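Summary of structural features
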Amino acid sequence: MADTKREIERKYESDDSGLPDLTGVAGVAAVLDKGVAHLDATYYDTADLRLAAASITLRRRTGGSDAGWHLKFPVAPGVRDEIRAPLADTVPPALAALVRSRVRDTALLPVVRLRSERDVRDLVDADGRLLAEAGVDAVRADRLLGGDGSAQWTEIEVELADGGDPAFLDTVEKRLRRAGVRPSQSTSKLARALAETAPRGKNGKNGKNGKGGRTGRNGKAGKAGKGGPAGNPPGAPVTAGDHVLAYVTAQRDAVLALDPAVRQDAPDSVHRMRVATRRLRSAFRSYGRILDRTVTDPIGEELKWLAGELGVDRDREVLTEHLTAALDGLPRTLLSGPVRTRLRTWARARRGGSRRRLIGVLDSKRYLALLDTLDALVAAPPLRKAAAAEPAPTLAEAVHKDFGRVGALVEAALGLAPGRDRDLALHEARKKAKRTRYAAETAVPALGDPASGLVKSMKTLQTRLGDHQDSVMARQTLRELSAVAHAAGESSFTYGVLYGREEQRAADVERELPETWKEIKEGTAVRAYGGPPGPR
């Protein structure tokens, strides 16, 4: 059984002088000598080091107080989530599943062995409570895959106690810096081991060509392209294609990063992964002049399938929260019958089965093939001629078209009588508002404030139309629940009250929508797209 903990630590370079005296650090009442631990860890990865490229580490470690398997995901600089599993000879299935989106069908192999002699000190307060663990690690690294190099170094590691205040590490660092100790340039022992044991090239450097120039997608040395000024930082978007591909890559990366969280049922993870799939689809459709849609349309269909699978539980969860809040807002005199119980039963229906289904989807060949396809798209994007153009006018043109489609849908919907047809039209407008928002997000680095303003405007419109759609779905569910309650001999009075309130809520949105839309059209951000846009 795997368990998770948040690891907050800092690493420092060290020489032979050991750990500086920390007894004077504010809050530290005593520094307790805990002896020397002998740690032996073997790190696993694919032959092409996919986990290391994502700053993920998977190791089997013996010695110390936490022998076993450890899988670490980056959260922020110096912060990682560590998932532990009992000691075993092979990678535990629970941990292998959490890296499947990175590894896929590739084998996990031993790549580096690290043996450390850790001289441990506990920093405790006046009540004897642990504040942090400080240790001096004498490390030997041996390459097991892709070479046979070895390296040795000494480092200081300070790890915050569970539940501790991260500001305490700042206090410790001040003392260490005054003693001449400096932060490590490596993010982890594994990163340093891979760098220092890498096979050396002909120039004597570890697998590097010793050149600092940017390399473009055509394999030529990096020069600033036509669409941007000379002197752009390496990797900075230059052309319209660069900007779109940067956005697509970020969303691909989000899908990969959120996969383990979805598998662990982390809060909001399903929603965030679903949004990433939508952003990808929107980018493909909005920027068809830049990315060839004969290539991206089939990928978009697979992303639509994935979003649908992710939405099985999410839509019901959102609707449950909405109806629960509506119930909480009713006076007790309007509550009749076991409405809350009926709602809870409806909310939990098929939860276990759909959860198992979702995990099955994430383990499926279809999903893993989609990830391979996204990787291939990023590595060799199907760029069209417009991709080489200057970014500002090219991206602005696409945003302008999307905004025009939103406007046509909103105004057409407002021309319909209240009812099913208007509900459907407003729902379509909401989807197009999302697409325009995502198109504007892509353009923000090139267009600046006008694009940022349009993102905000479309988010406002999306929220208003989302409220309307929530009401439509809530009324449909209330009708179903009322029918079931009536058949069971229960009162359906409260369902009717809630239905009436939802009807009024939708009517309020429809009444206010013309003014909302007028404000958006007249907004400064939108006026920037009223004619042929140019660079800011």
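Conventions adopted
- Residues numbered from 1 in each chain as written.
- Predicted model: local features only at pLDDT ≥ 70, side-chain atom pairs only at ≥ 80, totals over all residues.
- Heavy atoms only, no water.
- Helix = DSSP H or I, 4+ residues; strand = E, 2+ residues; numbered from the N terminus.
- Buried < 20%, exposed > 50% of the residue type's maximum accessible area, 1.4 Å probe, protein only.
- Contact = heavy atoms within 4.5 Å.
- Areas by Shrake-Rupley, 256 points an atom, 1.4 Å probe, with all protein chains shown as cover.
- Lys, Arg positive; Asp, Glu negative; His and termini not counted.
- Charge placed at Lys NZ, Arg CZ, Asp CG, Glu CD.
- Axes fitted to C-alpha atoms, helices over the stretch in contact; angles between N-to-C directions.
- Parallel < 35°, antiparallel > 145°, perpendicular 65-115°, else oblique.
- Nonpolar A, V, L, I, M, F, W, Y, C, P; charged D, E, K, R; others polar.
- 1 Å grid on protein atoms, 1.4 Å probe; cavity = no way out; pocket = protein on both sides within 12 Å on 5 of 7 lines; lining within 4 Å.
- Points joined across faces, edges and corners; volume = space filled by probe spheres on them.
- Expected span 1.5 Å × (residues − 1).
- Core = buried A, V, L, I, M, F, W, Y, C linked by side-chain atoms within 4.5 Å.
- Pairing = 2+ DSSP bridges.
- Salt bridge = Lys/Arg side-chain N within 4 Å of Asp/Glu carboxyl O.
- Phe/Tyr/Trp six-rings, centres within 6.5 Å; stacked < 30°, edge-to-face > 60°.
- Lys NZ or Arg CZ within 6 Å of the ring centre and 35° of its normal.

Another point: the overall build of the chain. Across its full length, the chain holds 16 helices and 8 strands. Projected onto its principal axes, the C-alpha positions of the chain cover 80 × 65 × 45 Å. Burial statistics for the chain: of 536 residues in total, 46% are counted as buried. Counting contacts in the chain only where the partners sit at least 6 residues apart, residues at least 24 apart contribute 71% of the total. Roughly 26,600 Å² of accessible area belongs to the chain as shown, and the carbon and sulfur atoms make up 51% of that amount. When the 88 positive and 72 negative side-chain charges of the chain are each reduced to one mean point, those points stand 5 Å apart.

What follows deals with the packing of helix H8 (residues 293–328) against helix H9 (residues 339–348). For the pair H8 and H9, interaxial distance at closest approach is 10 Å and the crossing angle is 170°. Overall, the two elements H8 and H9 adopt an arrangement that is roughly antiparallel. Touching Arg316, Leu319, Thr320, Leu323, Thr324, Leu327 and Asp328 of H8 are Val339, Arg340, Leu343, Trp346 and Ala347, all from H9. Residue composition of the contact of H8 with H9, by class: 7 nonpolar, 2 polar and 3 charged.

Turning our eyes to something else, we now look at empty space enclosed by the protein. Within the structure shown, the criterion is met by 1 cavity of 30 Å³ or more. What the largest cavity holds in volume is close to 40 Å³. Of all the elements in the fold, those that place two or more residues in the lining of the largest cavity are H8, H9, helix H14 (449–487) and helix H15 (493–522). Of the residues that constitute the lining of the largest cavity, the class distribution is 8 nonpolar, no polar and no charged.

By volume, the largest pocket is sized at about 1,400 Å³. Lining the largest pocket are 40 residues, with Arg274, Arg278, His427, Arg430 and Lys434 sitting closest to its centre. Mapped onto the lining of the largest pocket, the elements with two or more residues apiece are helix H7 (269–286), H8, helix H13 (420–447) and H14. For the lining of the largest pocket, the element with the most residues is H14, which contributes 11 residues.

Relative to the helices and strands, Gln251 resides in helix H6 (residues 240–263). The exposure class of Gln251 is buried, given its relative accessible area of 10%. A sequence separation of 252 residues divides Gln251 from Glu503, and the C-alpha atoms of the two residues are 37 Å apart. Not counting the four nearest positions on each side in its chain, Gln251 is found in contact with Ala276, Arg279 and Leu280.

Between its first and last C-alpha atoms H14 spans 57 Å; for 39 residues at 1.5 Å apiece the expected length is 57 Å, and the two agree. Of the residues one or two after H14, Gly489 is the one with positive phi, at around 80°.

All right, on to the nonpolar core then. Among the nonpolar cores identified, the biggest contains 63 residues, and Val248, Tyr287, Ile290, Tyr367 and Leu461 are the most heavily contacted of them. The dominant element in this core, judged by the number of residues it contributes, is H13, at 10 residues. Excluding residues that lie within four positions of it along the chain, Tyr367 makes contacts with Ser101, Val255, Asp259, Met273, Trp305, Leu306, Val361 and Leu362. In this structure, Leu131, Val158, Leu160 and Leu169 belong to the second largest nonpolar core, which totals 19 residues.

Spatially, the 8 strands close up into a barrel ordered S1-S5-S4-S3-S2-S6-S7-S8, and their pairing is antiparallel. Adjacent strand axes in the sheet meet at a mean angle of 35°, parallel and antiparallel pairs treated alike. Note that strand S1 (residues 3–13) and strand S8 (residues 150–160) share 5 bridges and pair antiparallel. Bridge assignment links Tyr12 to a residue of S8, and that residue is Ile156. Those strands touched by helix H4 (residues 167–178) are S1, strand S6 (109–124), strand S7 (130–143) and S8, and its axis lies near 20° from that of S1.

Scanning the model with the defined rule gives 61 salt bridges in all. For Arg405, the salt bridge is made with Asp402, and the minimal N-O distance between the two is 2.8 Å. Residue Arg405 and its partner Asp402 are both found in helix H12 (residues 391–414); the two are separated by 3 residues, about one turn of the helix. A residue is classified by how much of its surface remains accessible, and Arg405, at 38% relative accessible area, is partly exposed. Asp402 gets classed as buried once you look at its relative accessible area, which sits at 2%. Between Arg511 and Asp508 there is a salt bridge, with its nearest N and O atoms 2.8 Å apart. Separated by 3 residues within a single helix, Arg511 and Asp508 lie in helix H15, roughly one turn from each other.

Before going further, it helps to examine the packing of aromatic side chains. In the structure shown here, the tally under the stated rule is 2 aromatic pairs. Centre to centre, the rings of Tyr44 and Trp69 are 5.1 Å apart; their planes meet at 50°, and the pair counts as tilted. Here Tyr44 is found in strand S2 (residues 30–45), whereas its partner Trp69 is found in strand S4 (residues 68–76), with 25 residues between them in sequence. We note that Tyr44, like Trp69, is buried. Looking at Arg316, its charged tip hangs above the ring of Trp346, at a distance of 4.4 Å from the centre. Over the face of the ring belonging to Trp305 we find Arg366, whose NZ or CZ atom lies 4.2 Å from the ring centre.

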